[in-house]
Amino acid sequence: MSLPRDSSASTRVIHAACPHDCPDTCAIRVTVEGDRLVRLQGEPDHPTTQGALCTKVSRYAERNSHPERVLQPLRRVGPKGSGQFEPVGWDEALNDIAARLKAIAARDPQAILPYSYAGTMGFVQGEAMAGRFFHRLGASQLNRTICAEAGATGLALTYGATVGMHLEHFAESRLILIWGSNSIASNLHFWTYAQAAKRAGAKLIAIDPRRTETAEKCHQHIALRPGTDSALALGLMHELVVNDWLDHDYLTRHVEGWPALRERALQWPPERAAEVCGITADEVRGLARDYGTTAPAAIRLNYGMQRVAGGGNAARLIALLPCLVGAWRHRAGGLLLSASGWNKPLRNPALERPDLLGGRQPRSINMSTIGDELLREASPAFGPKIEALVVYNSNPVAVAPESAKVVAGFRREDLFTVVLEHFLTDTADHADYVLPATTQLEHWDVHASYGHTYLLINEPALPPAGQARSNAEIFRQLAARMGFDEPCFQDDDLSLARQAFEVDFDELCRVGWLKLPVPEAPFAEGRFFTSSGKAQACAPGLPLPDHVPNHESAERDPTLAQRYPLAMISPPARNFLNSSFVNVKSLRDIEGEPLLEICEADAQARGLADGQPVRVFNDRGEYHCVARVSPRARPGVVNGLGVWWRKLGRNGTNVNQLTHQRLTDLGEAPCFYDCLVEVAPL
Ligand SMILES: Nc1nc2c(c(=O)[nH]1)N[C@H]1C(S)=C(S)[C@@H](COP(=O)(O)OP(=O)(O)OC[C@H]3O[C@@H](n4cnc5c(=O)[nH]c(N)nc54)[C@H](O)[C@@H]3O)O[C@H]1N2
Ligand SMILES: Nc1nc2c(c(=O)[nH]1)N[C@H]1C(S)=C(S)[C@@H](COP(=O)(O)OP(=O)(O)OC[C@H]3O[C@@H](n4cnc5c(=O)[nH]c(N)nc54)[C@H](O)[C@@H]3O)O[C@H]1N2
Ligand code: SF4
Ligand SMILES: [Mo]
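How each quantity is defined
- Residues numbered from 1 in each chain as written.
- Chains lettered and ligands numbered in written order.
- Predicted model: local features only at pLDDT ≥ 70, side-chain atom pairs only at ≥ 80, totals over all residues.
- Heavy atoms only, no water.
- Helix = DSSP H or I, 4+ residues; strand = E, 2+ residues; numbered from the N terminus.
- Rg over C-alpha atoms; globule rule 2.2 N^0.38 Å.
- Buried < 20%, exposed > 50% of the residue type's maximum accessible area, 1.4 Å probe, protein only.
- Lys, Arg positive; Asp, Glu negative; His and termini not counted.
- Charge placed at Lys NZ, Arg CZ, Asp CG, Glu CD.
- Pairing = 2+ DSSP bridges.
- Axes fitted to C-alpha atoms, helices over the stretch in contact; angles between N-to-C directions.
- Near = heavy atom within 4 Å.
- Polar contact = N/O pair within 3.5 Å; in protein donor to acceptor, adjacent residues only side chain to side chain.
- Areas by Shrake-Rupley, 256 points an atom, 1.4 Å probe, with all protein chains shown as cover.
- Nonpolar A, V, L, I, M, F, W, Y, C, P; charged D, E, K, R; others polar.
- Core = buried A, V, L, I, M, F, W, Y, C linked by side-chain atoms within 4.5 Å.
- Contact = heavy atoms within 4.5 Å.
- Phe/Tyr/Trp six-rings, centres within 6.5 Å; stacked < 30°, edge-to-face > 60°.
- Parallel < 35°, antiparallel > 145°, perpendicular 65-115°, else oblique.
- Left-handed = near helix turned anticlockwise from the far one by under 90°.
- 1 Å grid on protein atoms, 1.4 Å probe; cavity = no way out; pocket = protein on both sides within 12 Å on 5 of 7 lines; lining within 4 Å.
- Points joined across faces, edges and corners; volume = space filled by probe spheres on them.
- Sits in = over half its atoms within 2 Å of the grid points.

Draft legend 1. How the structure looks around the overall build of the protein. Broken down by element type, the protein carries 22 helices and 27 strands. Relative to a compact globule of 682 residues, whose C-alpha radius of gyration would be 26 Å, the protein shows 25 Å and is just as compact. The principal-axis extent of the C-alpha atoms belonging to the protein is close to 70 × 55 × 55 Å. Put simply, the protein has 682 residues, and 64% of those count as buried. If you average the places of the 70 positive and of the 78 negative side-chain charges in the protein, the two averages end up 1 Å apart.

Here is the structure:
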């Protein structure tokens, strides 16, 4: 794309927000001259952004003006997956799509499924107009579980809401456990506060199977086996009890079910926990001593620990730790997994107009099992076969588990697929129609964060590239063609932005962001958001949390563990964001090529050398990449950094060729990091 240069126009500075699925939700200052982008920088005045963007988004201009951006509607001319398309006019595309959807809806609208996630986290280009469209249609609903549902459910069962500490207060903590988080890669602005704490004398401990760039900068790294965090938490509780490092007053007044939890913890001496976790008993004891005797102690829990069978139970147990030691009494103590619950009271519940369902109750389809769902036939239990998919803000063919099934589903000849996208992703390659979408620089939006406590505005800085239209605009125009004549389908993007939150919108636009009203130390006096007002260890109808071994583990399936003795995790590559940015050359060049980190001993046992091409395999398939013999991998665990585009991989696959579709204990979420494999030279 090359935008016309208008030399007569003056320079403007625009408030933008990073749209990506990242807890930092940075404020961006965009400088434009006429229709030309002059500069894109982290907003210096925004408290948590502090003028810094990550490497990825500082290259946003490269992504935005990428020569491969989809700039006009496309219609498939080759086989599904081939990526062969012809250009088509907007009217023709939208008319045909509406006609196809109408015909399906006349039989049963539930045969139509929206598929979206957090390609943009914006409320306008997310579900504002799309939600209205699919509610009015009566389409199947999508259960959006692919990222955080196990942890979020565990957190909400414990505290009554998905809330936690203020990001800024970590700077004052004396001890920070960075638990299941590679902060330097995935939560950079938290790391700034952790470093401030470190400079002031705090101790930083990483709890992560992988020796990440974050773990190596902490004072200590506890490299436990994936999916054993609950055992570690129980072992810590054991030590807190036997050494009486407990805040009895806090436990008595603010925790429900403590006596029962205490009994369970006493069954987990450090030796037992250490054996399950694959660490030493002294590591458990030392961690417990640090946690039990340092105040204020804070936990930055992140989602890396909940992509396993027992992710929900683990989140519950870890969320209880600050209650045992009374860490919540101090604003720099406690835990942060998600801050999203803080903005909930200000969200407009009518934005997506669920009332347009008019009493209908369409089925809900789990996005994390889309492979299986697309291959299901009609049945009384399932309902109609899925006949149409409308994908936006997501790249399921690359990011959903068990790709072989996902791909088979997307290749069904009798499936009608529409994809709204910036690029011809692995998913777009399977579309009947690809519709060009605007980017964050080209549309309005309003953002909340799951890592900090501000709302942000995103004003358009540039005109749409080519014929791109915003998601909201596309759904508005489809609605018109479907004959949806409710006035809410007239709302333009700016008015959707105004409706999203009950705040002073003009002030939000003027400043660029607004701080949410959140108490300094939210649980200093208890007052959790549960019905009892207490943190819940257990309650009527809620059993005690426990250790739940991985689906694919020696504990649950020894035969499988013999055939596939290596546990594979697939956390993000630092310079990609899920599958976004993989096609941005300067970033892909930093990552090099798809790789698998393996420790020296495991490599030697298989005759593998550093840099050697390997096949990573299990019963679900085979993924080709390069072995990196590295101390980042612990024995018995390999790290397949994600999420590459399949078509840019060695054998047209990525790590999700190997992952499975079984779900977590809570929240029906995927188990990306609960996956056994074997590795061999190629
Ligand atoms: N650069 C970059 N940033 C990102 C993303 C990205 O793709 N790239 N993705 C964004 C998104 S969508 C999300 S949800 C977040 C994800 O960021 P996080 O919430 O931090 O989650 P992950 O990156 O999945 O995993 C974090 C760490 O957990 C470790 N881990 C894996 N299994 C276990 C386990 O069983 N126990 C413990 N204790 N640790 C484990 C991994 O090795 C990894 O280092 O980051 C966001 N930010
Ligand atoms: N193996 C493995 N798999 C994983 C993970 C893992 O750690 N390991 N992480 C999982 C996690 S945590 C998550 S959250 C999911 C993420 O999965 P997705 O939410 O699918 O995220 P992305 O892969 O970034 O794809 C987002 C797509 O949305 C498009 N997009 C961005 N903005 C817009 C817009 O305004 N309009 C339209 N129409 N499109 C837009 C982008 O171009 C991009 O192709 O992946 C999951 N998959
Ligand atoms: S991806 Fe995260 S760190 Fe990077 S600019 Fe966006 S919000 Fe900030
Ligand atoms: Mo995510």
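Picking up where we left off.
Draft legend 2. Examining the sheet that holds strand β4 (residues 74-76) more closely. The 6 strands lie next to each other as β5-β4-β17-β16-β15-β6, forming an open sheet whose pairing is mixed. Edge positions in the sheet fall to β5 (85-87) and β6 (112-116), since each has one partner strand and no second. Here the average twist between neighbouring strands, direction ignored, is 20°. In the sheet, strand β15 (residues 388-392) pairs with strand β16 (residues 416-421) via 5 bridges, with the strands oriented parallel. Across the sheet, L389 pairs through a bridge with T417, a residue of β16.

Draft legend 3. Geometry of the site of ligand 1. Around ligand 1 sit 33 residues, and of these D208, D229, F576, N578 and Y673 come closest. In the environment of ligand 1, an oxygen atom lies 2.5 Å from a nitrogen or oxygen atom belonging to the side chain of D208. Within the backbone of G227, a nitrogen or oxygen atom sits 2.7 Å from an oxygen atom of ligand 1. For ligand 1, whose free accessible area comes to 890 Å², the fraction covered by protein is 99%. The residue makeup of the shell around ligand 1, split by class, is 17 nonpolar, 9 polar and 7 charged.

Draft legend 4. Summary view of the nonpolar core. With 180 residues, the main nonpolar core has F133, F134, W179, L232, Y291, L321 and F475 as its most contacted residues. A per-element tally of this core places helix α13 (residues 311-324) first, with 9 residues. Filtering out sequence-adjacent residues up to four positions away, F133 remains in contact with L101, F475, L478, A479, M482, F484 and F489. Membership of the second largest hydrophobic core comes to 20 residues, among which are I14, V32, L40 and V57.

Draft legend 5. Molecular detail of the packing of aromatic side chains. Summed over all chains, the structure comprises 20 aromatic pairs. Both rings, one in F170 and one in F190, keep their centres 5.1 Å apart while their planes meet at 90°; by these two values the pair is edge-to-face. Placement of F170 in the loop between α5 (149-159) and β8 (175-179) and of F190 in helix α7 (residues 188-199) is noted, with a sequence separation of 20 residues between them. An identical accessibility class is assigned to F170 and F190; each is buried.

Draft legend 6. Spatial organisation of the packing of α5 against α13. Following both chains from N to C, one finds α5 and α13 inclined at 40°, their axes separated by 7 Å at the closest point. Classified by the interaxial angle, the pair formed by α5 and α13 is oblique. Of the two elements, α5 crosses α13, and the hand of that crossing is right-handed. Across the interface between the two elements, A150, G151, G154, L155, L157, T158 and Y159 from α5 touch G311, G312, A315, R316, A319, L320, P322 and C323 from α13. A breakdown of the residues in the contact of α5 with α13 according to their chemical character gives 9 nonpolar, 5 polar and 1 charged.

Draft legend 7. Highlighting empty space enclosed by the protein. In the structure shown here, the tally under the stated rule is 4 cavities of 30 Å³ or more. Estimated volume of the second largest cavity: approximately 120 Å³. C22, D24, C26, C54 and K56 are, among the 15 residues lining the second largest cavity, the residues nearest its centre. Mapped onto the lining of the second largest cavity, the elements with two or more residues apiece are α1 (55-58), α6 (183-186) and α7. In terms of residue class, the lining of the second largest cavity is made up of 9 nonpolar, 4 polar and 2 charged.

Draft legend 8. Structural context of the environment of Y60. Inspection of the secondary structure assignment puts Y60 in helix α2 (residues 60-64). The buried category is assigned to Y60, whose relative accessible area is 4%. The spacing of Y60 and P401 is 341 residues in sequence and 28 Å in space, taken between C-alpha atoms. One polar contact links the side chain of Y60 to the main-chain amide nitrogen of Q440, over a distance of 3.5 Å.

Draft legend 9. Expanded view of the environment of R144. Relative to the assigned elements, R144 resides in the loop between β7 (141-143) and α5. For R144, the residues in contact, after removing those within four places along its chain, are S116, Y117, E127, E149, M367 and Y392. For R144, the side chain forms a polar contact with the side chain of S116, separated by 2.9 Å.

Draft legend 10. Up close: the pairing of β15. Among the 5 residues of β15, 5 are classified as buried, and the element is accordingly described as predominantly covered. Burial along β15 is two-sided: A388, V390 and Y392 and L389 and V391, pointing in opposite directions, are all buried. Bridging between β6 and β15 involves 5 bridges; their strand directions are parallel. Across the sheet, Y115 pairs through a bridge with V391, a residue of β15.

Draft legend 11. Looking closely at the site of ligand 3. The environment of ligand 3 is made up of C18, C22, D24, T25, C26, L53, C54, V57, H189 and L577. More than half of the atoms belonging to ligand 3 lie within 2 Å of the grid points that define the second largest cavity. Taken together, the residues of the shell around ligand 3 sort by class into 7 nonpolar, 2 polar and 1 charged.

Draft legend 12. Representation of the sheet that holds strand β18 (residues 445-447). Ordered by their spatial adjacency, 3 strands build an open sheet running β18-β19-β20, and the pairing between neighbours is antiparallel. Each edge of the open sheet carries a strand with a single partner, namely β18 and β20 (513-515). Between one strand axis and the next, the sheet turns by 15° as a mean value, whatever way the strands run. Relative to β20, strand β19 (residues 454-458) runs antiparallel, the two sharing 3 bridges. By the bridge assignment for β20, L455 is matched with L514.

Draft legend 13. Just the side chain of N302, in detail. Tracing the backbone shows N302 in the loop between β12 (297-301) and α13. Overall, the relative accessible area of 8% leaves N302 in the buried class. For N302, the residues in contact, after removing those within four places along its chain, are W179, G180, S181, N187 and L337.

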